[in-house]
Amino acid sequence: MDNLPRDTTSDTTSDTTSDRTGDRASERTVVVTGGTRGVGAGMARAFAETGARVVACARRPPEQPLDGVEFAPLDLRDPPAVRAFFAALPRLDVLVNNAGGTPYRRLADADAERHARVVELNLIAPLTASLAAYEHLRRSQGSVVMVGSVSGGRPSPGSAAYGAAKAGLASLAASMAVEWAPEIRVNTLVVGMVRTELSHLHYGGPDGVAAVSRTVPLGRLAAPADVGAAAVFLASDAAAYISGAALHVHGGGERPAFLDAANVNKEKRQQGEVR
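In short, a report on the structure. The model shown is predicted, which means the values in this text are computed figures rather than measured ones.

How each quantity is defined
- Residues numbered from 1 in each chain as written.
- Predicted model: local features only at pLDDT ≥ 70, side-chain atom pairs only at ≥ 80, totals over all residues.
- Heavy atoms only, no water.
- 1 Å grid on protein atoms, 1.4 Å probe; cavity = no way out; pocket = protein on both sides within 12 Å on 5 of 7 lines; lining within 4 Å.
- Points joined across faces, edges and corners; volume = space filled by probe spheres on them.
- Helix = DSSP H or I, 4+ residues; strand = E, 2+ residues; numbered from the N terminus.
- Pairing = 2+ DSSP bridges.
- Axes fitted to C-alpha atoms, helices over the stretch in contact; angles between N-to-C directions.
- Contact = heavy atoms within 4.5 Å.
- Buried < 20%, exposed > 50% of the residue type's maximum accessible area, 1.4 Å probe, protein only.
- Phe/Tyr/Trp six-rings, centres within 6.5 Å; stacked < 30°, edge-to-face > 60°.
- Parallel < 35°, antiparallel > 145°, perpendicular 65-115°, else oblique.
- Left-handed = near helix turned anticlockwise from the far one by under 90°.
- Nonpolar A, V, L, I, M, F, W, Y, C, P; charged D, E, K, R; others polar.

**Some words on empty space enclosed by the protein**
Vacant regions in the atomic arrangement are exposed by a probe of water-molecule size rolled over the atoms.
1) Next: One pass over the structure, following the stated rule, counts two cavities of 30 Å³ or more.
2) Next: Within this model, the second largest cavity holds a volume of roughly 40 Å³.
3) Next: Sorting the residues of the lining of the second largest cavity by element identifies α4 (112–140) and α5 (160–179) as the ones contributing at least two each.

**Examining the sheet that holds strand β2 (residues 53–58)**
1) Next: The strand order across the open sheet formed by seven strands is β3-β2-β1-β4-β5-β6-β7, and the pairing between neighbours is parallel. Of all the strands in the sheet, just β3 (69–73) and β7 (246–249) have a single pairing partner and so form its edges. This sheet shows a mean twist of 20 degrees between the axes of neighbouring strands, independent of strand direction.
2) Next: Here strand β1 (residues 29–33) runs beside strand β4 (residues 94–97); their pairing, made up of three bridges, is parallel. Paired with Val-30 across the bridge in β4 is Val-94.
3) Next: Across the sheet, helix α8 (residues 224–235) is in contact with β4, β5 (143–149), β6 (185–191) and β7; its angle to β6 comes to roughly 165 degrees.

**Regarding the pairing of β2**
1) Next: Burial within β2 is extensive, with six of its six residues counted as buried.
2) Next: Relative to β2, β1 runs parallel, the two sharing five bridges. Following the sheet pairing, Val-32 is matched in β2 by Ala-56.
3) Next: With five bridges connecting them, β2 and β3 associate as parallel partners.

**What about the packing of aromatic side chains?**
1) Next: For the structure shown, the criterion picks out two aromatic pairs.
2) Next: Relative to Phe-86, the ring of Phe-85 lies with its centre 4.9 Å away and its plane at 80 degrees, an arrangement referred to as edge-to-face. The same class applies to Phe-85 and to Phe-86, which are both buried.
3) Next: Taken together, a centroid distance of 4.8 Å and an interplanar angle of 55 degrees make the contact between Tyr-134 and Trp-180 tilted. Placement of Tyr-134 in helix α4 and of Trp-180 in the loop between α5 and β6 is noted, with a sequence separation of 46 residues between them.
4) Next: Given a relative accessible area of 10%, Trp-180 falls into the buried group.

**Looking at the packing of α4 against α5**
1) Next: Closest axis-to-axis distance for the α4/α5 pair is 8 Å, and the angle between their directions is 20 degrees. Overall, the two elements α4 and α5 adopt an arrangement that is roughly parallel. Considering how the two elements wind past one another, α4 and α5 form a crossing that is right-handed. Of α5, the residues touching α4 (which contributes His-115, Val-118, Val-119, Asn-122, Leu-123, Pro-126, Leu-127 and Ser-130) are Ala-161, Tyr-162, Ala-165, Lys-166, Gly-168, Leu-169, Leu-172 and Met-176.

**Some points on the layout of surface pockets**
1) Next: Here the second largest pocket defines a volume of roughly 200 Å³.
2) Next: Around the second largest pocket, the lining is made up of 15 residues, and of these Gly-192, Val-216, Val-249, His-250 and Gly-251 lie nearest the centre.
3) Next: Residues of the lining of the second largest pocket, tallied by class, amount to seven nonpolar, four polar and four charged.

Next up, the structure:
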């Protein structure tokens, strides 16, 4: 792992109590998997703005370097490489398991092996990374932030394997929070629709993005910075008593389709008189 940036500062892992009770963000090391674009880049930037040392790992480097963020090449589906990457770190305080995603693929349009690869990336890879980071996080009394999805809590046609994996990730995080307490906190961000450089693949052009935005109670898609701010909070000392939680970052959720389909009280709903 000679290409991994090294920390030349003194090791402060022994001072774990003050790390938890005082917000010493500038002395923390944060790893964001898949932190080179989209939501991952937004979270990497947010942690960098706190003064932490941030390492973004992914298979490919970002198209444009992220200010204050170091890059390390890593395939999260290669367990030996993952273990070597974390073993080479001098310390670790926060692990953000963000790497994931899926193409649109209906269940009957692919074989089980293809769907299993989606589950591997979105569920097994976060488990692999968390286990590899465990000793570092135990010593620093750090935290894990799992990046989940609203797809894990509702039907997800066209991305069923992804939804199943995200449901499993939330369950994994809840169990991990119990098993690894009190040394390590584990929480999940349940993320809704986010406007990124790849939004057109999911929602279409500007008209499609605008139409989808109108289905969100807050009237817009999230920005990567919105998710980044939530991740920074869960990893901070302000959330020192929060573990095993699922924080929804979805702008109020999704407007129930039956409300728009029903022909009763439609005028009042449009005027905001019926909640």
